[in-house]
Amino acid sequence: MEEGIRAEGLLEKGYDWYVMTVKPNQNSLSTVEFNGVLASWKSKVEALSISKNNTAAERRKIVPDELTVGELLSNMKPAQLWGVLAAIIALMAAIFVIGQHFPAK
């Protein structure tokens, strides 16, 4: 944060991050403190990126034909689950209507 800026909200100290106050000049960018804060931020960003890539890779490894019905349903998003339920209801309604035209003997 630039020196002279009023610290309030997210810029106040005491949250889960460190707020460094500096003068915006080239000398402040070469201090040990600034480079340490920057390196810490960089490592957190890289760790988050690696974590997201690993999660995406794990999702790609799912093979639907090897899943049980319970696993398949638990991996569905709510919209997908509602779509499946709507399709089942539509199929059952179609079977009922067709059954009305061909009564059992």
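Residues numbered from 1 in each chain as written. Predicted model: local features only at pLDDT ≥ 70, side-chain atom pairs only at ≥ 80, totals over all residues. Heavy atoms only, no water.

(A) Spotlight on the overall build of the chain. Tallying secondary structure elements over the chain gives 3 helices and 0 strands in all. Its helices and strands taken in sequence order, the chain reads α-α-α from the N to the C terminus. Expressed as a percentage of the 105 residues in the chain, the buried residues total 4%. Summed over all atoms, the accessible surface of the chain reaches about 9,400 Å², with 64% contributed by carbon and sulfur. (Helix = DSSP H or I, 4+ residues; strand = E, 2+ residues; numbered from the N terminus. Buried < 20%, exposed > 50% of the residue type's maximum accessible area, 1.4 Å probe, protein only. Areas by Shrake-Rupley, 256 points an atom, 1.4 Å probe, with all protein chains shown as cover.)

(B) Molecular detail of a nonpolar patch on the surface. The grouping of Val69, Leu73, Leu81, Trp82, Val84, Leu85, Ile88 and Met92 at the surface amounts to a nonpolar patch, some 770 Å² of accessible area in total. One can find Trp82 in helix α3 (residues 78-101). (Patch = residues over 30% accessible without salt bridge, like charges linked within 9 Å, V, L, I, M, F, W, Y side chains within 5 Å. Salt bridge = Lys/Arg side-chain N within 4 Å of Asp/Glu carboxyl O.)

(C) Seen up close, the side chain of Ser28. Here Ser28 is to be found in the segment before α1 (32-60). Leaving out residues up to four positions away in the same chain, Ser28 has contacts with Val22, Lys23 and Phe34. (Contact = heavy atoms within 4.5 Å.)

(D) Region of interest: the environment of Phe34. Topologically, Phe34 is positioned in helix α1. Contacts of Phe34, omitting those with residues within four sequence positions, involve Met20, Ser28 and Leu29.

(E) Seen up close, the confidence of the model for the chain. Residue-level pLDDT values for the chain average 82, and 85% of them are 70 or greater. Per-element confidence in the chain ranges from a low mean pLDDT of 82 for α1 to a high of 93 for α3. (pLDDT = per-residue confidence, 0-100.)

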